[in-house]
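# Chains, contacts and geometry: an overview
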Amino acid sequence: MVKKVQPVTHQPIITTNKNISSEQLLNDLHYQQSKQIIQSLLNKGLISTTEFEDIDTLNKQTFPPLLGPGSVDTSRF
């Protein structure tokens, strides 16, 4: 028996004309990596919540993430 495959025809959820540079991608990657590290430090009790927030703020300035605060609605989660 052979299954017939239907072509996928869908539109992207979010359309954008903004081109993302390599630098922006690297900044986002570095920010995400740094956030994982400080989250691990927080989870192990090596830094306080205040220290986590301060470091995260500095990291956002150093490595601006692609999605800024408020870009994603996380109230449902």
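Please refer to the structure placed before this passage.
Let me begin by describing the structure that accompanies this report. These numbers come from a predicted model, not from an experiment.

For the protein, the count of helices and strands is two helices and zero strands. For the protein, with 77 residues in total, the buried portion stands at 12%. Sequence-distant contacts, at least 24 apart, represent 55% of the contacts inside the protein between residues at least 6 apart. A total of about 7100 Å² of accessible surface is found on the protein, and carbon and sulfur atoms cover 56% of it.

Take the pattern of salt bridges next. Tallying each qualifying case throughout the model produces one salt bridge. A salt bridge links K60 to D56, with the shortest nitrogen-to-oxygen separation between them at 3.5 Å. With K60 and D56 both in helix α2 (residues 49-62) and four residues apart, the pair spans about one turn of that helix. When its relative accessible area of 33% is taken as the criterion, K60 is described as partly exposed.

By the secondary structure assignment, D28 is in helix α1 (residues 22-43). Within the structure, the side chain of D28 is placed 2.9 Å from the backbone nitrogen of L66, a separation counted as a polar contact. Filtering out sequence-adjacent residues up to four positions away, D28 remains in contact with P64, P65, L66 and L67.

Definitions and cut-offs
Residues numbered from 1 in each chain as written. Predicted model: local features only at pLDDT ≥ 70, side-chain atom pairs only at ≥ 80, totals over all residues. Heavy atoms only, no water. Helix = DSSP H or I, 4+ residues; strand = E, 2+ residues; numbered from the N terminus. Buried < 20%, exposed > 50% of the residue type's maximum accessible area, 1.4 Å probe, protein only. Contact = heavy atoms within 4.5 Å. Areas by Shrake-Rupley, 256 points an atom, 1.4 Å probe, with all protein chains shown as cover. Salt bridge = Lys/Arg side-chain N within 4 Å of Asp/Glu carboxyl O. Polar contact = N/O pair within 3.5 Å; in protein donor to acceptor, adjacent residues only side chain to side chain.

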